[in-house]
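As a plain string of letters, each chain reads:
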Amino acid sequence: MRLAESFSKEACIAAWEAVGAVPPSHACLNDKQVLWELGDASQDDVTQIAMMEMQMANTIACDLLTARGFQGNLLKAEIRRKKSKKAQELVMVPNSKERVEALSKASTHCAILQ
């Protein structure tokens, strides 16, 4: 494919439709490779409800296995939760304890913001 064909109006619109930019549908968020965290959507969202139910089921099953003498803790999984805005704002306060800890754990210059 030639460069002119790659950036033609039709090719651009097709690419934008694929990710949900035109029309705005956020279609890319439905891809199975997108990482979801608890708190990404409203509490009524089907994905959030399913994630909470899976977390509860995993916790109950692992606790039951542990209570019966098995190593249930090896199967325990935690769904990542979205950080609260309060925690993110604390990182932005100059010379705060949270900022110093975040900087010490950061592997790149942008990692503190994630």
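Residues numbered from 1 in each chain as written. Predicted model: local features only at pLDDT ≥ 70, side-chain atom pairs only at ≥ 80, totals over all residues. Heavy atoms only, no water.

1. Here's the deal with the overall build of the chain
In step 1: Looking only at helices and strands, one finds five helices and zero strands in the chain.
In step 2: Overall, the chain shows an N-to-C arrangement of helices and strands of α-α-α-α-α.
In step 3: Residues classed as buried in the chain amount to 11% of the 114 residues present.
In step 4: Taking as baseline every contact in the chain between residues at least 6 positions apart, the subset at least 24 positions apart corresponds to 20%.
In step 5: Summed over its atoms, the accessible surface of the chain is roughly 9,600 Å², and 60% of this surface lies on carbon and sulfur atoms. (Helix = DSSP H or I, 4+ residues; strand = E, 2+ residues; numbered from the N terminus. Buried < 20%, exposed > 50% of the residue type's maximum accessible area, 1.4 Å probe, protein only. Contact = heavy atoms within 4.5 Å. Areas by Shrake-Rupley, 256 points an atom, 1.4 Å probe, with all protein chains shown as cover.)

2. Remarks on the environment of Leu-38
In step 1: Note that Leu-38 resides in the loop between α2 (9-19) and α3 (46-67).
In step 2: Sequence separation between Leu-38 and Arg-80 is 42 residues, and the spatial gap between their C-alpha atoms is 6.3 Å.
In step 3: Non-local contacts of Leu-38, meaning those with residues more than four positions away in its chain, are made with Gln-48, Met-51, Met-52, Ile-79, Arg-80, Arg-81 and Lys-82.

3. Some details on the pattern of salt bridges
In step 1: For the structure shown, the criterion picks out one salt bridge.
In step 2: Two residues, Asp-63 and Lys-76, come together in a salt bridge whose shortest N-O distance is 3.1 Å. Of the two residues, Asp-63 is situated in helix α3 and Lys-76 in the loop between α3 and α4 (85-91); the sequence distance between them amounts to 13 residues.
In step 3: Since its relative accessible area comes to 40%, Lys-76 is described here as partly exposed. (Salt bridge = Lys/Arg side-chain N within 4 Å of Asp/Glu carboxyl O.)

4. Describing a nonpolar patch on the surface
In step 1: A grouping of Leu-65, Phe-70, Leu-74 and Leu-75 is seen on the molecular surface, where their side chains present a nonpolar patch of about 430 Å² in accessible area.
In step 2: With respect to the helices and strands, Phe-70 occurs in the loop between α3 and α4. (Patch = residues over 30% accessible without salt bridge, like charges linked within 9 Å, V, L, I, M, F, W, Y side chains within 5 Å.)

5. Some points on the confidence of the model for the chain
In step 1: Here the chain shows a mean pLDDT of 78. Residues at 70 or above account for 77%.
In step 2: The least confident element of the chain is α4, whose mean pLDDT is 61; the most confident is α3, at 89. (pLDDT = per-residue confidence, 0-100.)

6. Notes on α3
In step 1: Over its 22 residues, α3 runs 32 Å from end to end, which matches the ideal 32 Å to within 8%, given 1.5 Å per residue.
In step 2: Among the residues of α3, Gln-48, Met-51, Gln-55, Asn-58 and Cys-62 are the ones counted as buried. Projection of α3 onto a plane perpendicular to its axis shows the buried side chains occupying an angular sector of 90°, all on one side. Summarising the geometry of α3, the exposed residues directed more than 90 degrees from the buried face are Val-46, Met-56, Ile-60 and Ala-67.
In step 3: Two residues or fewer past α3, Gly-69 is found with a positive phi of approximately 95°. (Expected span 1.5 Å × (residues − 1). Arc of directions from axis to C-beta.)

7. Considerations on the side chain of Gln-55
In step 1: If you trace the backbone, Gln-55 turns up in helix α3.
In step 2: Apart from residues lying up to four places away in sequence, Gln-55 is in contact with Ala-77, Glu-78 and Ile-79.

8. Structural notes on the environment of Arg-81
In step 1: Mapped onto the fold, Arg-81 is located in the loop between α3 and α4.
In step 2: Expressed as a C-alpha distance, the spacing of Arg-81 and Leu-38, which sit 43 residues apart in the sequence, is 4.5 Å.
In step 3: Not counting the four nearest positions on each side in its chain, Arg-81 is found in contact with Glu-37 and Leu-38.

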